[in-house]
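Observations on the three-dimensional arrangement
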Amino acid sequence: MELVIYHANQCDPRKCSGKKLARFDLVRLTHHISQIRPYIVLSPFSEKALSPEDKGARGLAALDCSWAHAEEVFARFKLQERALPFLVAANPVNWGKPFKLSTVEALAAGLVILGEKSQAELILSKFNWGHVFLELNREPLSEYAAARDSAEVVRIQNEYMSE
């Protein structure tokens, strides 16, 4: 599955998971929003959750920019957005925090939900903590990947959040 990252150069390049993935030719970086339009864009602002119903999409896109800038981008452009359901971060900056995923974690979660687990494992393998993300989220990711549609993903998410 194609992976594209809109990169706004607003992060520390040494800690940027998107730039590291690009160095391994696992994603394509772009500085033009128009280049992510054909893809499903992972967005925390979407009202629809990513689900197996989205299989067959051209690919996944992520925004690597500050949240303030992300809100502006999503408000200004018509994008095919999907939110990721409840997952816990494994990256060193936000370890254990729900919804605080790095770009690579977000893309990997999307890949697993869309049935591309081996590609998710590949991109996470470039980070010494990458396998931990899949271990921490094994059960919810498995359930999200088996869901019929967005509504079922949200129902499953709500069960995890109420525990």
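Above this note sits the structure.
To start, this report covers the structure provided alongside it. (Residues numbered from 1 in each chain as written. Predicted model: local features only at pLDDT ≥ 70, side-chain atom pairs only at ≥ 80, totals over all residues. Heavy atoms only, no water.)

1. Side note on the packing of aromatic side chains
Under the counting rule described, the total for this entry stands at two aromatic pairs. Residues F127 and W129 carry aromatic rings whose centres are separated by 5.2 Å and whose planes lie at 40° to one another, so their mutual orientation is tilted. An identical accessibility class is assigned to F127 and W129; each is buried. The ring centre of F127 lies 4.7 Å from the NZ or CZ of K20, which sits over that ring. Sitting above the plane of the F24 ring, K126 keeps its charged end 4.6 Å from the centroid. (Phe/Tyr/Trp six-rings, centres within 6.5 Å; stacked < 30°, edge-to-face > 60°. Buried < 20%, exposed > 50% of the residue type's maximum accessible area, 1.4 Å probe, protein only. Lys NZ or Arg CZ within 6 Å of the ring centre and 35° of its normal.)

2. Considering the side chain of N91
Of note, N91 is situated in the loop between β5 (80–82) and α3 (103–113). On the basis of relative accessibility, which here comes to 4%, the residue N91 falls in the buried class. Side-chain polar atoms of N91 contact the backbone nitrogen of N94, separated by 2.8 Å. Within the structure, N91 has its side chain in polar contact with the side chain of E105 (distance 2.6 Å). Those residues in contact with N91, other than ones at most four positions away along the chain, are K100, L101, S102, E105 and W129. (Helix = DSSP H or I, 4+ residues; strand = E, 2+ residues; numbered from the N terminus. Polar contact = N/O pair within 3.5 Å; in protein donor to acceptor, adjacent residues only side chain to side chain. Contact = heavy atoms within 4.5 Å.)

3. Here's the deal with the sheet that holds strand β2 (residues 28–30)
The strands making up a sheet are joined through hydrogen bonds of the backbone, oriented either antiparallel or parallel. Strand order in the open sheet formed by five strands is β2-β1-β4-β3-β5, and the pairing between neighbours is parallel. Of all the strands in the sheet, the pair left with one neighbour each is β2 and β5. Across the sheet, the mean angle separating the axes of adjacent strands is 30° when strand polarity is ignored. Sheet topology note: the strand β3 (residues 40–42)/β5 ladder contains three bridges and is parallel. (Pairing = 2+ DSSP bridges. Axes fitted to C-alpha atoms, helices over the stretch in contact; angles between N-to-C directions.)

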